[in-house]
Amino acid sequence: MDLILSHAKIVTMQPGDAGYQVSEPVYIGIKDGKIDTISDQPFAITAGIQEINCAEMLITPGLIDCHTHLIYAGNRSHEFEMRQKGASYQEIAQQGGGILSTVTSTRHASEEELVVLALPRLDGLIQSGVTTAEIKSGYGLTLSDELKMLSAAKKLADHRQINIETTLLAAHAIPPEYKNKADAYIDYICDEIIPAVAEQQLASAVDVFCESIGFNLNQTEKVYQCAQRHHLAVKGHTEQLSNLGGTALTAQYQGLSADHIEYLDKTGVQALSESGTVATLLPGAFYFLKETQQPPVELLRKYQVPMAIATDCNPGTSPFSDLTLMMNMACTQFGLTPEEALRGVTCHAAKALGLQDTKGRIISGMDADLTLWNISHPANLSYETGIPRVAGRIVSGNFSAGNASPSLSSISTTSGDGK
């Protein structure tokens, strides 16, 4: 083994009640970036093996943020101020604001500038215990700019210890050059953008904003069909502002997840249940926009639809980079339990990215992506915010200290000397 975690109390996130229970101190052996063995007995420490004495800290699967728009340029705080003073969305848009202002700024930024701008947002996620983040495009809306965004997203992994998953969201808004020509823009996405992204392997999934102010069902289905022809998974921004039927359509195409879903009805929930598609809740946008229509949590529970939670980090509707804050909001605004919230950022978030076989649980054979916490019970992650709690993160078997480590003098790292 390459790394041993000793005296660790783990929350495995396996299915069932036991998956949320804190274990007695155990020993975790990590080899080649995978969890090799979990034992209640210590391992022999031989030459070249690193050991971390976890001092009975709590260890969960590394948190997964399965829906972000982390790559963008520009700042829209002035729009927030305008809204607080009574300006409408339409008034802001008429003055050059809204999503197209972010599109303009992002188009003008270089790939290197987009990386630099995204790093502080990524650091916020890391400081909240995230080891995997999904990043969407969607602020370029041209072939070259969408490719630039996806490439910048992938390059973040060269600067930080984190796993990055990328999603093409060219169908995010209608760009100015295609005003009143949505069908033509969809053709452009299908004929040029998706094939190029697939060929260059810049994304593993394709997303669509299926909404009255976005793209209709026929346009969304055309994008889904094209994505599947190019062997890319599909996801959907659906039922955020109205019940258009995008969630059921996403489920029909075996989508990984349907996200937002505040206006989702029973028919849509049943479709998710039958397809195994994850329902991703985005409480940050709900909070920031002062929405009142809540997602149908009770129906999702009744039909056993897995619920993921994500930041939706973006400049216009959810400028948040703390996944544990979203856990708190999911509990206080949507009525989730702390266990549901933790599953929402571990095993269910992994499923929302198609990674359920490698991430999101602590069992032998899974990726060694773990977060070490300076807490005694997992409910604490949903209970309070703003206090440094991450003692360390392990990504693909590699350890890095966290923001709470200075207060944990009892943690020690040693290497075997072969004796």
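Residues numbered from 1 in each chain as written. Predicted model: local features only at pLDDT ≥ 70, side-chain atom pairs only at ≥ 80, totals over all residues. Heavy atoms only, no water.

Asks: What's the story with the side chain of asparagine 314 in this structure? I'm lost.
Replies: Within the fold, asparagine 314 resides in the loop between β13 (307–309) and α12 (323–334). In contact with asparagine 314, not counting residues within four places along its chain, are His69, Tyr72, Tyr139 and Pro319. (Helix = DSSP H or I, 4+ residues; strand = E, 2+ residues; numbered from the N terminus. Contact = heavy atoms within 4.5 Å.)

Asks: Looking at this structure, how should I read the nonpolar core?
Replies: Taken as a class, soluble globular proteins show a tendency for nonpolar side chains to be buried jointly. Formed by 95 residues in total, the largest nonpolar core has its most connected members in Ile71, Leu156, Leu168, Leu300 and Leu342. Looking at which element gives the most residues to this core, the answer is helix α6 (residues 182–200), with 10 residues. Summarising the domain contributions, this core has at least three residues from each of domain 1 (3–61 + 361–401) and domain 2 (63–352). Look past the residues within four positions of leucine 300 in its chain and what remains in contact with it is Ile261, Leu264, Val269, Leu272, Ala279, Leu281, Val305 and Met307. Ranked by size, the runner-up nonpolar core spans 19 residues in total, among them Leu5, Ile30, Ile59 and Ile362. (Core = buried A, V, L, I, M, F, W, Y, C linked by side-chain atoms within 4.5 Å. Buried < 20%, exposed > 50% of the residue type's maximum accessible area, 1.4 Å probe, protein only. Domains from an automatic or database assignment.)

Asks: I tried to follow the UniProt feature "binding site: 4-imidazolone-5-propanoate" (unreviewed entry) in the protein chain on my own but got confused; where do I start?
Replies: Sequence positions flagged by UniProt for "binding site: 4-imidazolone-5-propanoate" (unreviewed entry) are, in local numbering, Arg76, Tyr139, His172, Gln240 and Thr317. Relative to the helices and strands, arginine 76 is located in the loop between β6 (63–65) and α1 (77–84). Judged by relative accessible area, which is 12%, arginine 76 ranks as buried. Not counting residues up to four positions away in its chain, the partners in contact with arginine 76 are Gly98, Ile99, Ser101, Thr102, Pro315 and Gly316. Relative to the helices and strands, tyrosine 139 is located in the loop between β7 (130–136) and α5 (143–155). Under the relative-accessibility criterion, tyrosine 139 is labelled buried at 2%. Apart from residues lying up to four places away in sequence, tyrosine 139 is in contact with His69, Ile71, Tyr72, Ile99, Thr102, Val103, Thr106, Glu146, Met149, His172, Asn314 and Pro315. (UniProt positions renumbered as here; feature names shortened; annotations may be inferred.)

Asks: Would you take a moment to explain the domain arrangement of the protein chain for this structure?
Replies: One widely used convention gives an interface's size as the accessible area the parts lose upon coming together. The domain boundaries assigned to the protein chain delineate domain 1 (3–61 + 361–401) and domain 2 (63–352). Taking the mean C-alpha position of each, domain 1 and domain 2 sit 30 Å from one another. Counting residues at the interface gives 29 residues for domain 1 and 23 residues for domain 2. For the pairing of domain 1 and domain 2, the buried interface totals around 1,900 Å² over both sides, and the portion due to carbon and sulfur atoms is 57%. When the buried surface of domain 1 facing domain 2 is broken down by residue, Met13, Ser382 and Arg393 rank first, second and third, together holding 32% of it. Connecting domain 1 to domain 2 are 0 salt bridges. If you list the elements that add at least two residues to the side of domain 1 that touches domain 2, you get β5 (58–61), β14 (370–373), α15 (380–383), β15 (390–395) and β16 (398–401). With 4 residues, the single largest contributor to the side of domain 1 that touches domain 2 is β15. (Buried area = accessible area lost by both parts, 1.4 Å probe. Salt bridge = Lys/Arg side-chain N within 4 Å of Asp/Glu carboxyl O.)

Asks: Is there a simple way to explain the side chain of serine 101 in this structure?
Replies: Within the secondary structure layout, serine 101 lies in helix α3 (residues 99–108). The exposure class assigned to serine 101 is buried, which follows from its relative accessible area of 15%. Once you skip the residues sitting within four places of it in the chain, serine 101 turns out to touch Arg76, Glu79 and Gly96.

Asks: Looking at this structure, how should I read the packing of aromatic side chains?
Replies: Note on aromatic pairs: each is described by the distance of the centres and the angle between the planes. If you walk through the whole model with that rule in mind, you get 10 aromatic pairs. Taking the centre distance of 5.3 Å and the plane angle of 50° together, the rings of tyrosine 178 and tyrosine 185 count as tilted. You'll find tyrosine 178 and tyrosine 185 in the same group, each marked buried. Where phenylalanine 288 meets phenylalanine 320, the ring centres are 6.0 Å apart and the plane angle is 80°; that geometry is what we call edge-to-face. Pair noted here: phenylalanine 288 is in helix α10 (residues 283–288) and phenylalanine 320 is in the loop between β13 and α12, with a separation of 32 residues, a long-range link. Clustering of aromatic rings is evident, with ring pairs tying together Phe80, Tyr287, Phe288 and Phe320. One cation-aromatic arrangement involves arginine 121 over tyrosine 72; the distance from NZ or CZ to the ring centre is 3.7 Å. Between the NZ or CZ atom of lysine 181 and the centre of the ring of tyrosine 178, over which it lies, the distance is 5.7 Å. (Phe/Tyr/Trp six-rings, centres within 6.5 Å; stacked < 30°, edge-to-face > 60°. Lys NZ or Arg CZ within 6 Å of the ring centre and 35° of its normal.)

Asks: When you look at the environment of proline 378 in this model, what are you seeing that I'm missing?
Replies: Within the fold, proline 378 resides in the loop between β14 and α15. In this structure, the C-alpha to C-alpha distance between proline 378 and alanine 341, residues 37 residues apart in sequence, is 10.0 Å. If sequence neighbours within four positions are ignored, proline 378 has contacts with Val11, Tyr20, Val22, Leu58 and Leu342.

Asks: Help me understand the pattern of salt bridges in this model?
Replies: A side chain with one charge may pair with a side chain of the opposite charge, provided their charged atoms come close. As enumerated under the stated definition, the model contains 16 salt bridges in all. Measuring nitrogen to oxygen at the nearest pair gives 3.3 Å for the salt bridge that ties arginine 76 to glutamate 79. For the residue pair arginine 76 and glutamate 79, the accessibility class agrees, reading buried in each case. Arginine 301 is the partner of glutamate 298 in a salt bridge, and the nearest nitrogen-oxygen pair spans 2.6 Å. Of the two residues, glutamate 298 and arginine 301 are both situated in helix α11 (residues 297–302); the distance of 3 residues between them amounts to about one turn of the helix. One salt-bridge network, held together by shared partners, links Lys34, Lys359, Asp367 and Asp369.

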